[in-house]
Amino acid sequence: MSPIDTTSPLGVTLALLPEVVLSLTALGVLLVNAWRHETAADSRLAGWLSLAGVGASLVALAWLAGTASDTAGIPQMVALDGFRYVGNCIFLLAAAATILLSLDYLEREEIRGPEYYTLILLATAGMMLLGGANDLIMVFLGLEVMSVAAYVLAAYDRRSPFSAEAGLKYFLIGAFASGFLLYGIALVYGSTGTTNLVMAGTFFETGELSVMAALGLCLLLIGFLFKVSVVPFHMWAPDVYDGAPTPVTGLMATGIKAAGFLALTRLLFVTFPANAELWQPVLGILAILTMVAGNLMALAQRTVKRMLAYSSVAHAGYILAAVWSGTRLGAGAVLAYLLAYSLTSLAAFGLLGALGRGGERDLTADDLAGLARARPWTAAAFSVVLLSLLGFPGTFGFIGKWMILSSLVVAGQWLIPVVLVLASAVSAGYYLPVIMAMYMKPAPAGAGDAPRLPRATVVVVAVIVAALLVIGVWPAPLLSGTLNVASSLFERAFQ
Amino acid sequence: MLLGPALAISALLFSIGVLGVLIRRNAIVLFMCVELMLNAVNLTFVALSRFHGVGGQLMVFFVMAVAAAEAAVGLAIILAVFRHTTSVDLKTNTLLQG
């Protein structure tokens, strides 16, 4: 086990191997598209090539995680720790699932342009750099690489006015938020003279912040909270999730949100751990607001896609509650919940996209009535996914919520856990009616056959549902694994 | 030293940009206000790098490159919206609401 020598160019390349492999694949796919971009078969080819690139990147990630030991000495721009590896794993899984779900979706919706897959790969590379960033410059660049690709993806369905409007809203709000983030970076740089998270952290160790640094922290928080759609910075999220093509919505709700949360966690836990009394009240209040408002607004929605969009806002509140704790247990809970939520959400949006047949924006719970009789397996899978979102015991979602609750209770907090449990109870009010419609209502007269799921979608959904159930009943390896990984964040912090 | 006035001016420019985004409803004007925010931050970086070395000036180049990429993508999206609604006014682009 030789630690990677990050002073040589080769060592740096090896330390960034997963990102490098993914970026090179993106360029390769773009090159192939230059010649082959006419037919549906060309689009499929680009999809499979991209999937191979994601697989190669996963292999590189596994190699890196096995080889690299955390390098002491000068902290690098991208971290070499377990927290980054697990984050990267989440992003790559989300990208793989999105690509598989998109294969048939793009064909059915007749969305031309195989560059779609290049954009997914570039967005994923941006997420990986953002989630592993150990330097504020890298935070900004990773965020922008991810966001610029995501703006285009949101507006990708050129014939749909909804998609164009979603792209416009996402772009304007995203650029606005990154302005705040950038000003925060400038002020932290001004007060410490460094953009490195670890070195800035040693500067703030005393627990005292200058006015400039406090303003910088405040602006950084605003920028991040916009990105992860926390109330009151959430207005854009339901509209954008609603209008974007459904597989892209899945990627935005999982990978992009996870990258934002992981970077926020690293920033607060590595750079500002001594100033917790400054940011904890803010995060606590916003977490409570987000859980309450997100769930109440989801109750009021008519269509399933918008309901899932608002529920994604509510889930951001749960994760923010885990960040609030500021402890090792909290960091572990962030990782576990992000993994649980990402898997569940990908399956939910995948099923929605496959069941909707063009009109999935308007799909209501009543449209799913009688699905259990026509397509029993599909209905069962959708039920498991919704129960996991709800946090029902026996599913991965329950384990994630339980970890968040225990991290909060250990930290001596009682208000946030109570709100979290009550908010989850409210969320049953919009998840369960969908399940009831599938199992207890007869199919509406005159409705055509429920669409059969495409094969790639079946594979993705089956794997995810199996993972949700297995981890739900046997969580021990996952719990100890995430806690071990979370402690890597703290070893670095007090180097 | 000029640090105080430079920081004050960039804070002022940034605030004008934020106000513009909040008040105006034309997508192109909104986009220009966002660019104003980014360039105000650039001024902060340049002013601060007098004290902290070239790191701040390096950052300015990254920000300029990113702003250019954002401009390319953003204007293309605004164009796509204009094709559908023949308007870049946010008040008329309200298909998605709730």
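Scroll up to find the structure.
None of the values given here were measured: they were computed from a predicted structure. (Residues numbered from 1 in each chain as written. Chains lettered and ligands numbered in written order. Predicted model: local features only at pLDDT ≥ 70, side-chain atom pairs only at ≥ 80, totals over all residues. Heavy atoms only, no water.)

Pulling in residues and values, what's your account of the overall build of chain B?
A count of helical and extended segments in chain B gives three helices and zero strands. Reading the secondary structure of chain B in the N-to-C direction produces α-α-α. Its C-alpha radius of gyration of 17 Å places chain B more than 25% over the 13 Å reference for a compact globule of 98 residues. In terms of its C-alpha atoms, chain B occupies a principal-axis envelope of roughly 50 × 25 × 20 Å. When the 98 residues of chain B are sorted by exposure, 44% land in the buried category. Taking as baseline every contact in chain B between residues at least 6 positions apart, the subset at least 24 positions apart corresponds to 55%. Entry remark: accessible area of chain B is about 5,200 Å², with carbon and sulfur atoms responsible for 73%. (Helix = DSSP H or I, 4+ residues; strand = E, 2+ residues; numbered from the N terminus. Rg over C-alpha atoms; globule rule 2.2 N^0.38 Å. Buried < 20%, exposed > 50% of the residue type's maximum accessible area, 1.4 Å probe, protein only. Contact = heavy atoms within 4.5 Å. Areas by Shrake-Rupley, 256 points an atom, 1.4 Å probe, with all protein chains shown as cover.)

Describe the interface of chain B and chain A, listing the residues and the values that go with them.
As a measure of interface size, the accessible area lost when the parts come together is often cited. The interface is formed by 41 residues belonging to chain B together with 40 residues belonging to chain A. Across the interface of chain B and chain A, roughly 3,500 Å² is buried in total on both sides, 81% from carbon and sulfur atoms. Looking at the side of chain B facing chain A, the largest losses of area belong to Ile77(B), His84(B) and Leu96(B), adding up to 19% of the total buried there. Our enumeration of links across chain B and chain A arrives at zero salt bridges. At the junction of chain B and chain A, the tally comes to four residue pairs in polar contact (both at pLDDT 80 or more). Secondary-structure elements contributing two or more residues to the side of chain B that touches chain A are α1 (3–23), α2 (27–52) and α3 (55–85) of chain B. The element that contributes the greatest number of residues to the side of chain B that touches chain A is α3(B), accounting for 14 residues. In the side of chain B that touches chain A, the residues fall into 27 nonpolar, 13 polar and one charged. (Buried area = accessible area lost by both parts, 1.4 Å probe. Salt bridge = Lys/Arg side-chain N within 4 Å of Asp/Glu carboxyl O. Polar contact = N/O pair within 3.5 Å; in protein donor to acceptor, adjacent residues only side chain to side chain. Nonpolar A, V, L, I, M, F, W, Y, C, P; charged D, E, K, R; others polar.)

Describe the layout of surface pockets, with residues and values.
As a volume, the largest pocket reaches approximately 490 Å³. Along the walls of the largest pocket sit 20 residues, with Lys169(A), Ile173(A), Met235(A), Arg25(B) and Leu90(B) positioned nearest its centre. At the level of elements, α7 (161–192) and α10 (236–243) of chain A together with α1 of chain B are the ones that each hand at least two residues to the lining of the largest pocket. Looking at the lining of the largest pocket element by element, the count peaks at six residues for α7(A). (1 Å grid on protein atoms, 1.4 Å probe; cavity = no way out; pocket = protein on both sides within 12 Å on 5 of 7 lines; lining within 4 Å. Points joined across faces, edges and corners; volume = space filled by probe spheres on them.)

Before we move on, could you go through the packing of aromatic side chains and cite the residues and values that matter?
Residue and element names in this part refer to chain A. Throughout the structure, instances matching the rule amount to 19 aromatic pairs over all chains. With centroids separated by 6.2 Å and ring planes inclined at 90°, the aromatic side chains of Trp236 and Tyr241 adopt a geometry described as edge-to-face. Judged by its relative accessible area of 5%, Trp236 falls in the buried class. Taking relative accessible area as the criterion, Tyr241 reaches 2% and is therefore assigned buried. (Phe/Tyr/Trp six-rings, centres within 6.5 Å; stacked < 30°, edge-to-face > 60°.)

Which residues make up the packing of helix α2 (residues 17–35) of chain A against helix α3 (residues 40–67) of chain A, and what are the values?
Residues and elements named next belong to chain A. For the pair α2 and α3, interaxial distance at closest approach is 8 Å and the crossing angle is 165°. Classified by the interaxial angle, the pair formed by α2 and α3 is roughly antiparallel. At the point where α2 passes α3, the crossing takes the right-handed sense. Contacts between α2 and α3 pair Leu17, Pro18, Val21, Leu22, Thr25, Val29, Val32 and Asn33 from the former with Leu45, Ala46, Leu49, Ser50, Gly53, Val54, Ala56, Ser57, Ala60, Leu61, Trp63 and Leu64 from the latter. Here the residues of the contact of α2 with α3 sort into 15 nonpolar, five polar and no charged. (Axes fitted to C-alpha atoms, helices over the stretch in contact; angles between N-to-C directions. Parallel < 35°, antiparallel > 145°, perpendicular 65-115°, else oblique. Left-handed = near helix turned anticlockwise from the far one by under 90°.)

Give me α1(B): which residues, what numbers.
An α-helical turn contains 3.6 residues, so any two residues separated by three or four positions project in the same direction. Taking 1.5 Å per residue, 21 residues should reach 30 Å; α1(B) reaches 30 Å between its end C-alpha atoms and fits that length. When we look at burial in α1(B), the residues that qualify are Ala6(B), Leu7(B), Ser10(B), Phe14(B), Gly17(B), Val18(B), Gly20(B) and Val21(B). In a view along the axis of α1(B), the buried residues occupy a sector of 160°, so they form one face of it. Of the exposed residues in α1(B), those oriented more than 90 degrees away from the buried face are Leu12(B), Leu22(B) and Ile23(B). Of the surrounding elements, those touching the buried residues of α1(B) are α7 and α9 (211–227) of chain A together with α2 of chain B. (Expected span 1.5 Å × (residues − 1). Arc of directions from axis to C-beta.)

Describe a nonpolar patch on the surface, with residues and values.
All names here are of chain B. On the surface, a nonpolar cluster with roughly 420 Å² of combined accessible area is contributed by Ile9, Leu12, Leu13, Ile16 and Leu43. Residue contributions to the nonpolar patch peak at four residues, all from α1. Residue position: Leu13 is located in helix α1. (Patch = residues over 30% accessible without salt bridge, like charges linked within 9 Å, V, L, I, M, F, W, Y side chains within 5 Å.)

Describe in detail the pattern of salt bridges, supporting the description with residues and values.
Residue and element names in this part refer to chain A. Summed over all chains, the structure comprises eleven salt bridges over all chains. Glu109 is the salt-bridge partner of Arg108, the closest N and O atoms lying 3.0 Å from each other. A salt bridge links Glu165 to Lys169; its shortest N-O distance comes to 3.2 Å. Here Glu165 pairs with Lys169, and both are found in helix α7, just four residues apart, close to one helical turn. Judged by relative accessible area, which is 3%, Glu165 ranks as buried. Linked by salt bridges that have partners in common, Glu165, Lys169, Asp239, Asp242 and Arg306 make up one network.

That is the geometry; function is a separate question.
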